[in-house]
Structures are given as structure tokens and as C-alpha cells.
Amino acid sequence: MYRSIIEKLHRWKESKNRKPLIIEGARQVGKTWLMKEFGSRAYADAVYINFDANSEMAELFAADLNVERLLMGIELYAGRKIDADSTLLIFDEVQEVPRALSSLKYFYENAPQYHIVCAGSLLGIALHGGTSFPVGKVEFLHLYPLSFREFLMAAVGEQYVELLERQDWQMITTFKQTYIDALKHYYFVGGMPEAVACFAQDKDFNRVREIQKRILAAYEQDFSKHAPIEIVPKIRMIWNSIPSQLAKENKKFIYGLVREGGRAKEYEVAIMWLCDCGLVHRVSRVNSPGMPLKAYEDLKAFKLFLVDVGLLGCMTGLHQRILLDGSGLFAEFKGALTEQYVCQQLKTIDDLGIYYYTNDRGSCEVDFVVDTGEEIVPVEVKAEVNLKAKSLKTYRDKFRPAVSVRASMADYKEEEWLVNLPLYAVEQIHKRKRAK
């Protein structure tokens, strides 16, 4: 299975200023597989240590964090010598032994020649919970579920990805039904690696749904096992309310939908916990598209999206027969799947700040505004054939962006002020200046 983040790992390996690397991401997005695959591809040897329920490693790191002593202990545990240049050290579930996280500082300062990559299912909780290691001594990468591009590679063929990368829109339009069919499948399957691998192998939607239910059950178990007991009910309430939040015409998160009379202060910690786990994406409102968008963020108004479109479909009981219903799937429950899909794809693009816009009266809403670092691009998402972009035109007339993007099922088209980008090509948003 191809994961584009592997290329970043290779660049990390060759970097002169390499630091220990921490891979963040939700449970079951493929962090362990990624680290092992990278180790087998890029190194002569890889030493894998899982810190979960590992008493030997807990004891080793409980004493002083002298790097020479730690390396000797790891060699004894692995049963072989560790060569600094040709061995990758993999620390998995590293949050289970917080002092192992703290040791990364000393590896960086006293033994930077060693290659160390770390991950953990609930690492975000540990990091934001005050686990001690100095900022600036480690690097971070975030792993998400497979993007639609990666799904195409696994389930259809890399030639279709290459066509999108070349932005040969005439040829893409010729083969658009292949992309549309693949997009329907992605809406149902999503990007969780186990679900994608199952679908790529036997195209069995029932087995895919079983896998998704198992993943969702594991997430529910994590709530009880790892969250502070006093916020577990609130986490469940937030989590279970997300499909109904996204089914509204206005997808702004409403606390009253969680519980009648609900208030922000009751649920802030629960939402933060879900964000730290990587299980939800919080997309805040901006009321002015200035650069950087972060400076115009309205922290009180936001949308919550799930980590994966397939899991959202599973939570709502989306039936596979809807895949046969023309393009009805894309507009299912007020386009919630489509907006979830677009958010998920935008998240995979490096250094992209993602927000949404409404004016103060609420009469104009743009689904996403993205900060590329060079410009602000408004993005309106259209799940249906009706392509009237009233809010986008209102936004454009007021703020005069260099380009506005409408993501829809229509073919690629450049107009005077508007680019229509097919939903299956939405990852090309940051490359559109090279469009043919």
C-alpha cells in the first residue's frame, strides 16, 4: 500500500539537522505499519520496541536517561548491535513510558547520529497532557487516513493518479466515470488502511463495514480506558452528535444538539480530548479573510468533522445500495459526506490552514477558506448538480480574492473569477496555477 508520507520520511533520514521524529495520528491510521515499512525500505536493520505493557523497557527508562546506558539496554533487549548509520530505532506506543519520550532530548543532544522514529495511538493526549520533553528537540509528522489519491493508487491504478498530477483535464474528463465510481467507493470505504486493503483485495462492502464497526468500537473503548472518568460521558455525547451536527444545513457545531441547554464550558475539555486523539477535525470560523487566517479565527464558532468519511458513513448506517443511485450519494444528508470528504482531503495537504467563513449576519457562508501561505482561497463545496455559487460570489465581490474555487461533480472549468474543480481532483487545489 502506497503512503505519500514515506517520501517525507526519506527526506527526514537524509536531513543534516535530523531530530528524533514523532508521528502523530488517530488509532489505526497505519502508524506502526508505516514505521516498519520505512525501516525495511530505507535501513539495513530496524529495531522495533513496543512500550505497551513492556516492563523491561519501563524499567530501563525509569533509571537515568544516559544515552549510552539506554543503547546498551536496547541492544540487550533486541539481541543485536545497533549501528548508528544503518539501524532505525522504532519506539511504538511510546506514550506508555513517558520517560522514553523525555529521553528524546538526550538522544538529540548527545547522540544525534542515531535515527529514531516514534508513534503512539494516544500520543496527542500524552503530549498535550504535559509529558516532559523540550520543544525544539524533536520533529513531528501527522499521519491521516488514506487520501483519495492514495485510495486510487491502491484500488484503481497509479495511472489515474498520474493523470490528476499532470492536470490533463481533457483526458481526465474522458475518463471521469472511473474517477466518479472510485469516489463513490471512497465515500463508503473511507481511508482507514485495513478497510482500504480489504476493499482493494476483494471489493466486499460487507467486510469493509465490519472493519469500520470494529474500529469505531475500539475508539469507544478508548474513551472509557484512557479519558478522565468525569468527561467520558461528555466525550460520548459529542462523538455521537457529530453526524446530526453535519446533517444540518448550517454545519456550525451547536451545543444544544448535544444536550438541550448544553453550554460550551461543559464540553470544551471533551472536544479537546477528541481533537488531541486525532479523532475529529475542528475547523474554526473566520469573519475576515486576512493573512494569516489564524489571526482572524473565531474560537467560539467551529465545525467538527470526523477523522474519516467511511467511519462517518458507518456511524449513520449508510447502505451500500446507495452507491448504485446515480450521484445521490454525494448529496446524502445535505451534502455532509461531501463536506467531510473535502475537509479530509484538505487536511492531507502540507501547511494548509483550513477555516470557514460567514459574515456577521450569517447571510453568506463559504464552506472552507484555506491559507496556502501565499494567498487565501475560498472553496465552496457543491454536492449536487446545481452549481449556483451565491455565497461565493458575494464573498468574491466583497474581498476580491485572486481565485475562487468551487468543488463539485462538474468537469474542470476556468471562468473569469471562478475555477470549478471536480471533487475527485480537490487535492490539486494548491497546484491549480499549473492547470492546463
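Predicted, not measured: the structure shown is a model, and the values here were computed from it.

Caption draft 1: Geometry of the packing of helix H7 (residues 148–155) against helix H8 (residues 158–166). Between H7 and H8, the least distance of the axes is 7 Å, while the angle of their chain directions is 145°. Only Glu 158, Val 161, Leu 164 and Glu 165 of H8 make contact with H7, whose side of the interface consists of Arg 149, Leu 152 and Met 153. In terms of residue class, the contact of H7 with H8 is made up of four nonpolar, no polar and three charged.

Caption draft 2: Quick look at the sheet that holds strand S2 (residues 45–50). The five strands lie next to each other as S2-S3-S4-S1-S5, forming an open sheet whose pairing is parallel. Here the strands that pair on one side only, and so sit at the sheet edges, are S2 and strand S5 (139–142). Strand-to-strand twist in this sheet, taken as the mean axis angle between neighbours without regard to direction, amounts to 20°. Sitting on the sheet, helix H5 (residues 98–110) is in contact with strand S1 (21–24), strand S3 (87–92) and strand S4 (115–119), with an inclination near 160° to S4.

Caption draft 3: Looking closely at the side chain of Asn 359. Counting through the fold element by element, Asn 359 comes out in the loop between strand S8 (353–358) and strand S9 (365–371). Among the residues examined, Asn 359 registers a relative accessible area of 11% and is labelled buried. Polar side-chain contacts of Asn 359 include one of 2.9 Å to the backbone nitrogen of Ser 363. Setting aside chain neighbours within four positions, we find Asn 359 in contact with Arg 285 and Cys 364.

Caption draft 4: Representation of helix H18 (residues 390–399). Restricting attention to buried positions, one finds in H18 the residues Ser 391, Leu 392, Tyr 395 and Arg 396. One side of H18 carries all its buried residues, which in axial view fall inside an arc of 135°. More than 90 degrees from the buried face of H18, the exposed residues found are Lys 390 and Lys 398. Packing partners of the buried residues in H18 comprise S8, S9, strand S10 (376–381), strand S11 (404–408) and strand S13 (418–422). Arg 400 lies just past H18 and shows a positive phi near 50°.

What counts and how
- Residues numbered from 1 in each chain as written.
- Predicted model: local features only at pLDDT ≥ 70, side-chain atom pairs only at ≥ 80, totals over all residues.
- Heavy atoms only, no water.
- Axes fitted to C-alpha atoms, helices over the stretch in contact; angles between N-to-C directions.
- Helix = DSSP H or I, 4+ residues; strand = E, 2+ residues; numbered from the N terminus.
- Contact = heavy atoms within 4.5 Å.
- Nonpolar A, V, L, I, M, F, W, Y, C, P; charged D, E, K, R; others polar.
- Pairing = 2+ DSSP bridges.
- Buried < 20%, exposed > 50% of the residue type's maximum accessible area, 1.4 Å probe, protein only.
- Polar contact = N/O pair within 3.5 Å; in protein donor to acceptor, adjacent residues only side chain to side chain.
- Arc of directions from axis to C-beta.

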